[in-house]
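For reference, the chains in residue letters:
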Amino acid sequence: MGTTRRYELRRVLLIAGEHGLLLGLIVGAAFAAMKLISLPPTNVTAIWLPAGVALVGLLRPIGWSALPTILLANWAVVALANDYALLSFRPYSLLICAANTAGPALSCLVWKRWLKGNPFLDGVEFLKFTFGVAFLPAVLTAWAVIATIYVAGYLPGLTLPQFWIRTGSITISSALGVFLVMPLVYGPWESGLVRRGAPRWLAHLGVVAAAMAVCWLSDQVLEPLIYLAIPLALVAAIISGARGVVVTILVVSIYGLSAITAGGGPFTVADPTRFSPVFAMGIFAFSLGLPGQFAGITFAQLYRHRRDLEELVIERTRDLATAKEAAESADRAKSEFLAVMSHEIRTPLNGVLGFARLMETSKLDEQQREFMHSILSSGEMLLGLLNNILDLSKIEANAIELEAVPFSLRGMVDDVARLCGGAAAGKGIVFEATVAANVPDDFVGDVTRVRQVLINLVSNAVKFTAKGTISVAVTAEPDNPSGGAATATAIVRCWRLSLAVTDSGIGISPEQQQRLFAAFSQADTSITRRYGGSGLGLAISRRLCGLMGGTLEVVSAVGKGSTFVATLRLAEVEQSSPAEEPVAPAAVVPVAVETKTKTVPPSGRALHVLVAEDNALNRRLVGVMLERLGHSVVFALNGREAIDRLEAERFDVVLMDIQMPEMDGIQATRRIRAAQALARDGGALPIIAVTADVTVDDRTKCLQAGMDDFLMKPIKPARFRAVLEQIADR
């Protein structure tokens, strides 16, 4: 109970203290205004500071309960200024006090109902504050005060011009009181260019000094120089914020009223009405404050807007960086997953295709040979699908690298014709391939990718054509007709090559053509069931054409066949054009069939081969392939064991797998090369990578580690034999 009473007593004392402080501030502000910024002997003030102090009291926690205190403070000011007894009854004076109390009350009501935020942080809210909070209540208060004085008989013979001058002076005075006090309380401290610590106070002192200098120039040099205060207020708003403008107005007002009292100054007018100089000076004060405050608020808004934009940019940049990192991480994860899956699939596939090829060379009856051919075809299809998926992944990641090597265009077309012509001939289709006479033969580019595009187009034509013809027409036109670019060895000319593949197959409707080049898509879902395929070939081909500076388009109609045209931009390092050399039709070109490999040594010497391979199936396969070629073989299960074997005996060549336990093939190769460098062994031991890691990066890593060549799994017997023959012939 005692604690509650003490709390209530403390609360009562706090409220009483707040009301007492408000009373003292209003009375003190009134007498400060009458002494510093007023005209004796009537004490007509240019800035009625109590109006602003009363509004602060109403907006603060005291709230509407401050109205009696404001009324009492106004009565105390009137009584003390006119030597009235505090308890005397003077109805007209009380009406004037009531009017001076109603003005701040109306300002508070407008502030709370109309303003949506701090008026010193937003330009629109500041204009609403100026005319709704400061001016409107001041006008009504002035009219009420002059009307009361007139009714009381203190203004006999009041003319309309005098009425406007008197009410205008009171309006300007009360409005300036609100206009100047409120920024001191509600204006943001961190505004203007100088925002913190001692520099901010030095900036305020600089504004005071500059305002005093302008006043001195107006007084001592030329009165119109007082108008320098207008740009000074703008500068003060930008440097020191709203408080800098208030300081400028107060300094100019004090100087102006002092000069008027002394009978001079820039605000003295010919009108004998005592209120005229005050009215003129009040208008000038508003001409300082309104544009100055608005400029300062606008500058602060722009500053905050720029800061918010910078923070937003930083945040968005951080988000983009995070998203980019997540996307790159996902892309790396996808690439790593595909690389791992490729390795894991190629490893057993190497065994399947390898042993199937070995079985195909053995004695088989017709049915067994047919079964073996089916196994090989299925394995090659699986390998092709795996290669297509890897190609698409590399293209999407912009990780594919095109080679720039010389190649024979006619030789490449001839290879494709021999490769695909057999399938066309087997279906009774007439197959033709021609190269125009004006097309050069020697180009520089990625022949593997050009061949891949052409094979995809021809294979599709064979697949979707039941009878009729398939033709390949190669044409070209110079891409730089004015001539070529000179190099150290030849003149390079660029050509736009066109590979057109036309068939008499089923054709494609316009609707189906729209999704024809999308990955994993075919013109019709029934096509997959009838003809098979993954829907990757055309998507990859178009993207490869794009990488080679061209495109892939189709012209087709249902039942009338299709024409696919691949355009490529290739360079020729020859100035003259060879004569036309048409490729023979498939009907007369023998189909390329792999020669059966017998257990006979190659033309070179027999090699002693070290095979580093951790997979037992692959060791068995490579061992059989080497034995059939007449070579001897020793196995190592990992890189460390391979190094030990090399230290124990001499080998002619090392076939090195990459991914092995304990020590991988890259590390083992580096150690072997380092040991050879220390021993100054003049004859470098050939090391051939034999791996299921097939990306360009994998090949580059192998060559950089010191390997001499690169064999991909599944191993192709012809390529395997050719590499070993090169070593044997050294």
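Residues numbered from 1 in each chain as written. Predicted model: local features only at pLDDT ≥ 70, side-chain atom pairs only at ≥ 80, totals over all residues. Heavy atoms only, no water.

Attention now moves to the overall build of the chain. For the chain, the helix and strand inventory stands at 21 helices and 15 strands. When the 730 residues of the chain are sorted by exposure, 45% land in the buried category. In the chain, 72% of the contacts between residues at least 6 apart in sequence involve partners at least 24 apart. Of the roughly 36700 Å² of accessible surface on the chain, 62% is carried by carbon and sulfur atoms. (Helix = DSSP H or I, 4+ residues; strand = E, 2+ residues; numbered from the N terminus. Buried < 20%, exposed > 50% of the residue type's maximum accessible area, 1.4 Å probe, protein only. Contact = heavy atoms within 4.5 Å. Areas by Shrake-Rupley, 256 points an atom, 1.4 Å probe, with all protein chains shown as cover.)

For the rest of this paragraph, the subject is the nonpolar core. By size, the foremost hydrophobic cluster in this structure holds 70 residues, and its most contacted members are Ile47, Trp111, Phe129, Val133, Val178, Met182 and Ile226. Those residues within four positions of Phe129 in sequence are excluded, and the remaining contacts are Trp111, Leu115, Pro119, Phe120, Ala134, Val178, Phe179 and Met182. One finds Ile395, Val474, Leu499 and Ala566 within the second-largest nonpolar core, a separate group that totals 49 residues. (Core = buried A, V, L, I, M, F, W, Y, C linked by side-chain atoms within 4.5 Å.)

By the secondary structure assignment, Ala105 is in helix α4 (residues 91-114). Once the C-alpha coordinates of Ala105 and Gly63 are considered, the two residues, 42 residues apart in sequence, prove to be 10.0 Å apart. Contacts of Ala105, omitting those with residues within four sequence positions, involve Leu58, Trp64 and Leu67.

Right, let's talk about the sheet that holds strand β15 (residues 709-712) for a bit. Read across the sheet, 5 strands follow the order β12-β11-β13-β14-β15 without closing on themselves; strand pairing throughout is parallel. With partners counted over all chains shown, the strands left at the sheet margins are β12 (632-636) and β15, one partner each. Averaged over all pairs of adjacent strands, the angle between strand axes in this sheet comes to 25°, irrespective of strand direction. The sheet contact formed by strand β11 (residues 608-612) and β12 spans 5 bridges and is parallel. If you follow Ala612 over to β12, its bridge partner there is Ala636. Against the sheet, helix α18 (residues 639-648) contacts β11, β12 and β13 (653-656), and its axis sits at roughly 135° relative to β12. Most of the contacts of helix α21 (residues 717-728) go to β15, to which it runs at about 160°, and overall it touches β13, β14 (687-691) and β15. (Pairing = 2+ DSSP bridges. Axes fitted to C-alpha atoms, helices over the stretch in contact; angles between N-to-C directions.)

Right, let's get into the pairing of β11. With 4 of its 5 residues buried, β11 lies for the most part within the structure. When β11 meets β13, the two strands line up parallel, connected through 4 bridges. Residue pairing for β13: Leu610 is matched across the bridge by Val654.

Tracing the backbone shows Asp441 in the loop between β4 (430-435) and β5 (442-445). What makes Asp441 buried here is its relative accessible area of 17%. Polar contacts involving the side chain of Asp441 include one to the side chain of Ser408, which spans 2.9 Å. (Polar contact = N/O pair within 3.5 Å; in protein donor to acceptor, adjacent residues only side chain to side chain.)

Take helix α16 (residues 537-547) next. All of the buried residues along α16 are Gly537, Leu538, Ala539, Ile540, Ser541, Leu544 and Cys545. Of the residues flanking the end of α16, it is Gly549, one or two places downstream, whose phi is positive at about 80°.

Attention now goes to the packing of helix α19 (residues 665-679) against helix α20 (residues 696-705). α20 packs onto α19 with a crossing angle of 20° between their chain directions and a minimal axis gap of 9 Å. If you check the angle between α19 and α20, you find them roughly parallel. Crossing angle aside, the handedness with which α19 passes α20 is right-handed. From α19, Ile666, Thr669, Arg670 and Arg673 reach across to α20, where they touch Lys701, Cys702 and Ala705. When the residues that make up the contact of α19 with α20 are grouped by side-chain class, the tally is 3 nonpolar, 1 polar and 3 charged. (Parallel < 35°, antiparallel > 145°, perpendicular 65-115°, else oblique. Left-handed = near helix turned anticlockwise from the far one by under 90°. Nonpolar A, V, L, I, M, F, W, Y, C, P; charged D, E, K, R; others polar.)

Moving on to the packing of α18 against α19. It is the contact of α18 with α19, at a shortest axis distance of 8 Å, that shows an interaxial angle of 25°. Judged by the inter-axis angle, α18 sits roughly parallel to α19. For the pair α18 and α19, the crossing hand works out as right-handed. Of the residues in α19, those touching α18 at Gly639, Arg640, Ile643 and Leu646 are Ala668, Arg671 and Ile672. A breakdown of the residues in the contact of α18 with α19 according to their chemical character gives 4 nonpolar, 1 polar and 2 charged.

Moving on to empty space enclosed by the protein. All chains considered together, the criterion is met by 4 cavities of 30 Å³ or more. Taken together, the elements giving at least two residues each to the lining of the largest cavity come down to α2 (49-59), α3 (67-82), α4, α5 (123-151) and α6 (160-186). Here the lining of the largest cavity is built from residues that sort into 13 nonpolar, 6 polar and no charged. Of the residues forming the lining of the second largest cavity, the biggest block, 4 residues, is contributed by helix α10 (residues 275-360). (1 Å grid on protein atoms, 1.4 Å probe; cavity = no way out; pocket = protein on both sides within 12 Å on 5 of 7 lines; lining within 4 Å. Points joined across faces, edges and corners; volume = space filled by probe spheres on them.)

Two side chains carrying opposite charge are able to pair once their charged atoms lie near each other. This model, assessed by the stated rule, comprises 16 salt bridges. Note that Glu328 is salt-bridged to Lys324, the shortest N-O span being 2.4 Å. Of this pair, Glu328 and Lys324 both sit in helix α10, separated by 4 residues, roughly a single helical turn. With relative accessibility at 33%, the residue Glu328 sits in the partly exposed group. Put simply, Arg569 and Asp479 hold a salt bridge, and the shortest N to O gap is 2.3 Å. Residue Arg569 is located in strand β10 (residues 562-572), and its partner Asp479 is located in the loop between β6 (469-478) and β7 (485-486); the two are separated by 90 residues in the primary sequence. Using a relative accessible area of 40% as the deciding quantity, one classes Arg569 as partly exposed. (Salt bridge = Lys/Arg side-chain N within 4 Å of Asp/Glu carboxyl O.)

Negative phi characterises most residues that are not glycine, and trans characterises most peptide bonds. Cis geometry is found at the peptide bond from Lys713 to Pro714, where omega equals -5°. For Pro714, the position within the fold is in the loop between β15 and α21. You will see that Glu662, though not glycine, has its phi angle at about 70°, which is positive.

Averaged over all residues, the pLDDT of the chain is 82; the fraction at 70 or higher stands at 88%. Below pLDDT 50 for its whole length, residues 482-490 participates in 8 contacts with residues either more than four positions away or in separate chains. The model gives residues 575-602 a pLDDT under 50, and that stretch makes 53 contacts with residues more than four places away or in other chains. (pLDDT = per-residue confidence, 0-100.)

The next thing to look at is the packing of aromatic side chains. A complete count under the given rule lists 14 aromatic pairs for this structure. Their ring planes at 55° and their centres at 5.8 Å tell us that Phe126 and Phe179 sit as a pair that is tilted. Linking Phe126 in helix α5 with Phe179 in helix α6, this pair joins segments that are 53 residues apart in sequence. Each member of the pair, Phe126 as well as Phe179, is classed as buried. Ring plane angle 80° and centroid distance 5.6 Å describe the contact between Tyr227 and Phe284, whose orientation is recorded as edge-to-face. Taken together, the residues span a long stretch of sequence, with Tyr227 in the loop between α7 (197-220) and α8 (229-240) and Phe284 in helix α10 at a distance of 57 residues. (Phe/Tyr/Trp six-rings, centres within 6.5 Å; stacked < 30°, edge-to-face > 60°.)

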